[in-house]
Amino acid sequence: MEQSSNTILPFSNYQKLVIALLALLQFTVVLDFMVLAPLGDYLMKSLSITPKGFGVVVSSYAFSAGVSGILAAGFADKFDRKKILLFFYAGFIVGTLCCALATTYWMLLGARIITGLFGGVIGAISMTIMTDLFEVNQRGRVMGFVQMAFAASQVLGIPIGLYFANLWGWHSSFLMIVTLAIVIAIVIVIKVKPIDKHLALQSGKSAFLHLWHAVSNKSYQTGFIATAFLSVGGFMLMPFSSAYLINNIKITPHQLPMVFMFTGFASIIIMPLIGKLSDKVDKFMLFTAGSALAIVMILIYTNLVPIPLWQVVLINMVLFMGIMSRMIPATTLTMRYT
């Protein structure tokens, strides 16, 4: 039976370990995508990629992730969640390593497709693990902490990735992600218990039939469509952020890490507060307020002229406050009703 809506349940030590591992795992997956934004200028120049070609590289990850998500939906519930998480995480590591070894546009494009096929499913698997291991009134806080991976990728990952790129070339940024991901995978193998209670509820129907029942469920369709639109919105804006800031707002490459770093610091403070608030107030109202703020800030951000650095940082902080204020409650709503 679900707890009262105003009951705040504490986390066990094992739950805290799982939250930390999921946050670190998500950190590597988010960083793998996010690092393309600040490296965009490097990649387009070193591999002679046009803005259109770079857009294809970015979108190839999203499209391949969508395909793998549809295919995985039919059989993902038939395996231990820990094992399937490690399977896709291993594929993600291989794909990221291929990105590091790419020397041409086509090699990079192929590597991004591989990375998307595996990495694009990891977030969904992580959410099913959260659903299995955490009560409804814990999930907002869990999502708040796990979504801090997004901020951490800006505060730590992107500045470090840019530093490595300036020192050893853009390939080293992906090698950094591979090294960290291998360490996290080993800890998951050793520390995380099997997550297989859902297997006792299996009906024995085929993977295709299971997939059909999932996509034909009207409640699920709402969750799928909403998640798709939330993701598409982010993919349309974020990948070109470095090129936009450098070429349109006239931010220098040396100032770029500061923009990401301070925005990330603000997100680290804001996201746990939003997660905790999401467990206390109406999630849809919080999502609506965050969406309204995000719409206003996106309109401001995309129509900027060259302005001082501190103003760019401030606008980014408020922008991501709006984005996170919709992402966390939207995700917890999807986890609850689908």
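Residues numbered from 1 in each chain as written. Predicted model: local features only at pLDDT ≥ 70, side-chain atom pairs only at ≥ 80, totals over all residues. Heavy atoms only, no water.

1. As for the overall build of the chain
When helices and strands are counted, the chain shows 14 helices and 0 strands. Of the regular secondary structure in the chain, the N- to C-terminal order runs α-α-α-α-α-α-α-α-α-α-α-α-α-α. Taken across its 338 residues, the chain has 49% of its residues classed as buried. Counting contacts in the chain only where the partners sit at least 6 residues apart, residues at least 24 apart contribute 85% of the total. When the accessible surface of the chain is totalled, it reaches about 16,100 Å², and 73% of it is carbon and sulfur. (Helix = DSSP H or I, 4+ residues; strand = E, 2+ residues; numbered from the N terminus. Buried < 20%, exposed > 50% of the residue type's maximum accessible area, 1.4 Å probe, protein only. Contact = heavy atoms within 4.5 Å. Areas by Shrake-Rupley, 256 points an atom, 1.4 Å probe, with all protein chains shown as cover.)

2. Some details on a nonpolar patch on the surface
Where nonpolar side chains cluster on the molecular surface, the patch consists of Val67, Leu71, Ile113 and Leu117 and spans about 320 Å² of accessible area. For Leu71, the position within the fold is in helix H3 (residues 51-73). (Patch = residues over 30% accessible without salt bridge, like charges linked within 9 Å, V, L, I, M, F, W, Y side chains within 5 Å. Salt bridge = Lys/Arg side-chain N within 4 Å of Asp/Glu carboxyl O.)

3. Details of the side chain of Ser126
Note that Ser126 resides in helix H5 (residues 105-133). With near-sequence residues (within four places) excluded, Ser126 lies in contact with Leu22, Leu25, Gln26 and Leu85.

4. A look at the environment of Ala226
Along the chain, Ala226 falls in helix H10 (residues 218-237). Along the primary structure Ala226 and Thr331 are separated by 105 residues, whereas in three dimensions their C-alpha atoms are 9.6 Å apart.

5. Some remarks on the nonpolar core
Within the largest apolar cluster, 90 residues are counted, with the highest numbers of intra-cluster contacts made by Tyr89, Phe174 and Leu245. Considering each element in turn, this core owes the most residues, 11 residues, to helix H1 (residues 13-34). Aside from chain neighbours lying at most four places away, what touches Phe174 is Asp32, Val35, Leu36, Leu39, Thr96, Cys99, Ala100 and Arg112. (Core = buried A, V, L, I, M, F, W, Y, C linked by side-chain atoms within 4.5 Å.)

6. A few points about the pattern of salt bridges
Should the charged atoms of two oppositely charged side chains come close, the side chains can pair. For the structure shown, the criterion picks out 1 salt bridge. Note that Arg112 is salt-bridged to Asp32, the shortest N-O span being 3.0 Å. One end of the pair, Arg112, is in helix H5; the other, Asp32, is in helix H1, with 80 residues separating them in the sequence. With respect to burial, Arg112 and Asp32 carry one shared label: buried.

7. Focus on the confidence of the model for the chain
Considering every residue of the chain, the mean pLDDT works out to 78; 77% of them sit at 70 or more. Within the chain, the element-level pLDDT minimum falls on helix H9 (residues 207-216), averaging 63, and the maximum on helix H4 (residues 81-101), averaging 92. Contacts from residues 1-5, a stretch scored under 50 in pLDDT, to residues over four places away or in other chains number 7 contacts. (pLDDT = per-residue confidence, 0-100.)

8. Looking at helix H12 (residues 256-278)
For H12, with 23 residues, the first-to-last C-alpha span of 32 Å sits near the 33 Å given by 1.5 Å per residue. For H12, the principal kink sits at Ile270 and spans about 25 degrees; a proline, Pro272, occurs within the next four residues. (Expected span 1.5 Å × (residues − 1). Bend = angle between axes of the 7 residues up to and from the residue.)

9. A short note on H4
Helix length check: H4, at 21 residues, gives a terminal C-alpha distance of 30 Å against a target of 30 Å (1.5 Å per residue), a fit within 8%. You can read the cap of H4 off the contacts: a side-chain oxygen lies 2.8 Å from the backbone nitrogen of Lys82, and it is on Asp80. (Polar contact = N/O pair within 3.5 Å; in protein donor to acceptor, adjacent residues only side chain to side chain.)

10. Quick word on the packing of H4 against helix H8 (residues 171-191)
Closest axis-to-axis distance for the H4/H8 pair is 9 Å, and the angle between their directions is 160 degrees. Classified by the interaxial angle, the pair formed by H4 and H8 is roughly antiparallel. In this structure, the crossing between H4 and H8 has a hand that is left-handed. Taken together, the residues of H8 that come into contact with H4 (itself represented by Lys82, Leu85, Leu86, Tyr89, Phe92, Ile93, Thr96, Leu97, Cys99 and Ala100) are His171, Phe174, Leu175, Ile177, Val178, Ala181, Ile182, Ile184, Ala185, Ile188 and Val189. Here the residues of the contact of H4 with H8 sort into 18 nonpolar, 2 polar and 1 charged. (Axes fitted to C-alpha atoms, helices over the stretch in contact; angles between N-to-C directions. Parallel < 35°, antiparallel > 145°, perpendicular 65-115°, else oblique. Left-handed = near helix turned anticlockwise from the far one by under 90°. Nonpolar A, V, L, I, M, F, W, Y, C, P; charged D, E, K, R; others polar.)

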